[in-house]
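Listed here are the chains, written in short residue letters.
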Amino acid sequence: MNHRPENTLLVVMGVAGCGKSSLGQWCAHALRVPLLEGDDFHSASNILKMRSGSPLSDEDRAAWLDTLAEQLQRHRDGVVLTCSALRRRYRDRLRAAAPGLRFVFLDLTQEQARERVASRPEHVFPVSLVASQFETLEDPREEPGVLRLDATRELATLGAEVTRWVRGSEVVQ
């Protein structure tokens, strides 16, 4: 796990509760690149809106996505970014900032996401917003540079599949 391809640019994406942060940390360590937590770049008004139980609009997300795009440009030598990236246009905005950017889509059911979000009451994102994430999600599986993984699988298994994919080896689904 000490070797990494040059310019590893990766977004770990999916709805709230899918495990973006855990897998992002695992992959950043394994690939020896920095980790950027997308949630750390939300404005205070976005955080307040989510805490109050209101879903973010495209307008709310616009400045956040611009900031994430800037961060990707600053880390051209490699980075793992965690970001919900729910709509194709959000992913395309990030792709435009970082050519060669790839996405790991952590897929799970709405009920599984609700259970996971409910188990972390200290998080900024309440269970009441899980449904809105699924309403917003545009399935990325047919887009180039996307690896879909079952988010309910063990973290080490998911991480190993991502590192194989990044390094150009066969991924077992």
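Overview of the structure. These numbers were taken from a predicted model, which means no experiment stands behind them. Counting restarts for each chain, with residues numbered from 1 along the sequence as it is written. Given that the model is predicted, a residue must reach a pLDDT of at least 70 before its local features are reported, and side-chain atom pairs must reach 80 or more before they are shown or counted; all residues, however, enter totals for whole chains, interfaces and linings. Hydrogens are left out, water is left out, and the side-chain values use all remaining heavy atoms of the structure.

**Quick word on helix α7 (residues 155-166)**
With twelve residues, α7 should reach 16 Å at 1.5 Å per residue; the first-to-last C-alpha distance of 16 Å fits that figure. Along its buried surface, α7 packs onto β1 (8-13), α1 (20-31), β4 (102-107) and β5 (146-150). Helix and strand assignments follow DSSP, with helices taken as H or I runs no shorter than four residues and strands as E runs no shorter than two, numbered in order from the N terminus. Positive phi shows up at G168, right after α7, with a value of about 90°. Given the number of residues in a helix, its expected span is that number minus one, multiplied by 1.5 Å. Contact between two residues is taken to exist if any of their heavy atoms lie within 4.5 Å; hydrogens are not considered.

**Points about the sheet that holds strand β3 (residues 78-82)**
Each pair of strands is called paired provided DSSP finds at least two bridges between the two strands. Across the sheet, five strands lie side by side as β2-β3-β1-β4-β5; this open sheet has parallel pairing. The sheet is open, and its two borders are formed by β2 (35-37) and β5, each paired with just one other strand. Geometrically, the sheet is characterised by an average inter-axis angle of 20° between neighbouring strands, direction not taken into account. Strand direction decides the pairing type here: β4 and β5, joined by five bridges, are parallel. Its bridge partner lying in β5, L106 is registered against L149. Simply put, an axis is a line fit to the C-alpha atoms, just over the touching stretch for a helix, and the angle between two N-to-C directions goes from 0 to 180 degrees. Its contacts with the sheet place helix α4 (residues 88-97) against β1, β3, β4 and β5, and it is angled at close to 150° to β4. Contacting β1, β4 and β5, α7 runs over the sheet at an angle of about 165° to β5.

**Focus: the side chain of T8**
Within the element layout of this structure, T8 appears in strand β1. The cut-offs for exposure are 20% and 50% of the maximum accessible area for each residue type, with area from a 1.4 Å probe on protein chains only; residues under the lower value are buried, those over the upper are exposed, and the others partly exposed. What makes T8 buried here is its relative accessible area of 4%. Sequence-distant contacts of T8, that is, excluding residues within four places in its chain, are made with L31, V33, D77, G78, V79 and V166.

**Here's the deal with the environment of P34**
As for its placement among the helices and strands, P34 is situated in the loop between α1 and β2. It is 27 Å that separates the C-alpha atoms of P34 and L48, two residues lying 14 residues apart in sequence. Setting aside chain neighbours within four positions, we find P34 in contact with A28, H75, G78, V79 and V80.

**What about the pattern of salt bridges?**
A carboxyl oxygen of Asp or Glu within 4 Å of a side-chain nitrogen of Lys or Arg is what we treat as a salt bridge. For the coordinates displayed, the defined rule picks out 13 salt bridges. In this structure, R88 and D92 form a salt bridge, with 3.5 Å as the shortest nitrogen-oxygen distance. You can see R88 and its partner D92 sitting in helix α4, four residues apart, about one turn around the helix. Put simply, R141 and D139 hold a salt bridge, and the shortest N to O gap is 2.5 Å. For D139, a relative accessible area of 40% gives the class partly exposed. When salt bridges that share partners are traced, they join R88, R91, D92, R95 and E143 into one network.

Shape descriptors only; they carry no functional weight alone.
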